[in-house]
Amino acid sequence: HVSEFKRKTAEFKKQVPEFIARFKDMVKKAVRDGWLPVEEATVERRIHNETSFVLFDELAEKSEWFLGDYDVVEGRVRVRATIPKKEWERVVDHELTHGAISGRSIVQGETEDSVFSVSGHVNIHQKLGLVFGHFQSGRQIFRWLNEAVTENISALLRGDDTSDAYILERQFLRDLIN
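Residues numbered from 1 in each chain as written. Predicted model: local features only at pLDDT ≥ 70, side-chain atom pairs only at ≥ 80, totals over all residues. Heavy atoms only, no water.

A.B. asks: Can you walk me through the overall build of the protein in this structure?
C.D. replies: Scanning the protein from terminus to terminus reveals five helices and seven strands. Taken from the N to the C terminus, the helices and strands of the protein come in the order α-α-β-β-β-α-β-β-β-β-α-α. Sequence-distant contacts in the protein: of pairs separated by 6 or more residues, those separated by 24 or more amount to 52%. Accessible area for the protein stands at about 10500 Å²; split by element, carbon and sulfur atoms hold 54% of it. (Helix = DSSP H or I, 4+ residues; strand = E, 2+ residues; numbered from the N terminus. Contact = heavy atoms within 4.5 Å. Areas by Shrake-Rupley, 256 points an atom, 1.4 Å probe, with all protein chains shown as cover.)

Encoded structure:
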């Protein structure tokens, strides 16, 4: 298992620059076409200065049912190692839509824990995309809406709406709109 994971990780790391280049091209086209109101410089900064990319092994790390995730605190896109390689780019696109395109707001809170604070204060991500909550504690509201909108944007960027991700959430969103 370990040698297979190392092999997949090396392959994933080789492909990440290609995934990023295609994602940025899709974003540039969407901005030019007028339907994605985002600053390309912001996307560039968030991808290259604030985001790392890893394949994760669910036997060694905490995981849920997801294929990937974007950790706003760590600035990290994680992709599940056991999904088919042909799905890696779609998952990276979805997670970069969270990390590079979505709006964010940060509030400053107080903490007693000196490990996570500077002078008793800590920055807390209050909102990422359409999710509101306290990301460090795991309390979130509107996560389903955030995932539905994120997957819809990701599908529009790709020009391919055949995704089977977040089917129920996307149906709820269509029901709200119609």
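Following the structure, the description resumes.
A.B. asks: Mind showing me how you'd approach the packing of helix H1 (residues 2-33) against helix H2 (residues 40-50) here?
C.D. replies: Two packed helices can be described by the angle between their axes and the distance between those axes. In the contact formed by H1 and H2, the axes pass within 11 Å of each other and the chain directions differ by 165 degrees. Between H1 and H2, the crossing angle belongs to the class labelled roughly antiparallel. In terms of crossing hand, the pair formed by H1 and H2 is right-handed. Counting all contacts with H1, which are made through Ile 20, Phe 23, Lys 24, Val 27, Lys 28 and Val 31, the residues of H2 involved are Glu 40, Val 43, Glu 44, Ile 47 and His 48. Counted by class, the contact of H1 with H2 contains six nonpolar, one polar and four charged residues. (Axes fitted to C-alpha atoms, helices over the stretch in contact; angles between N-to-C directions. Parallel < 35°, antiparallel > 145°, perpendicular 65-115°, else oblique. Left-handed = near helix turned anticlockwise from the far one by under 90°. Nonpolar A, V, L, I, M, F, W, Y, C, P; charged D, E, K, R; others polar.)

A.B. asks: What is the right way to read the side chain of Arg 158 from this model?
C.D. replies: You can see Arg 158 is positioned in helix H4 (residues 143-158). Among the polar contacts made by the side chain of Arg 158, one reaches the side chain of Glu 151 at a distance of 3.4 Å. Residues in contact with Arg 158, not counting those within four places in the same chain, are Met 26, Arg 90, Asp 93, Glu 151 and Ser 163. (Polar contact = N/O pair within 3.5 Å; in protein donor to acceptor, adjacent residues only side chain to side chain.)

A.B. asks: Explain the sheet that holds strand S1 (residues 52-56) to me, please; I cannot follow it from the model alone.
C.D. replies: Backbone-to-backbone hydrogen bonds join strands into a sheet, with any given pair of strands oriented parallel or antiparallel. The strand order across the open sheet built from three strands is S1-S3-S2, with neighbouring strands paired in mixed fashion. Since the sheet does not close on itself, it has two edges, and those belong to S1 and strand S2 (68-71), each with one partner. Each neighbouring strand pair of the sheet contributes to a mean axis angle of 20 degrees, computed without reference to strand direction. Sheet topology places S1 next to strand S3 (residues 76-80); five bridges connect them, and they run parallel. Across the sheet, Phe 53 pairs through a bridge with Val 77, a residue of S3. (Pairing = 2+ DSSP bridges.)

A.B. asks: Help me understand the nonpolar core in this model?
C.D. replies: For soluble globular proteins, nonpolar side chains are generally found buried alongside one another. Within the largest apolar cluster, 27 residues are counted, with the highest numbers of intra-cluster contacts made by Phe 12, Phe 23, Phe 53 and Val 79. Contributions of two or more residues to this core are made by H1, H2, S1, S3 and helix H3 (88-101). Discounting residues that sit within four places of it in the chain, Phe 53 has contacts with Phe 12, Val 16, Ile 20, Ile 47, Val 77, Val 92 and Leu 96. (Core = buried A, V, L, I, M, F, W, Y, C linked by side-chain atoms within 4.5 Å. Buried < 20%, exposed > 50% of the residue type's maximum accessible area, 1.4 Å probe, protein only.)

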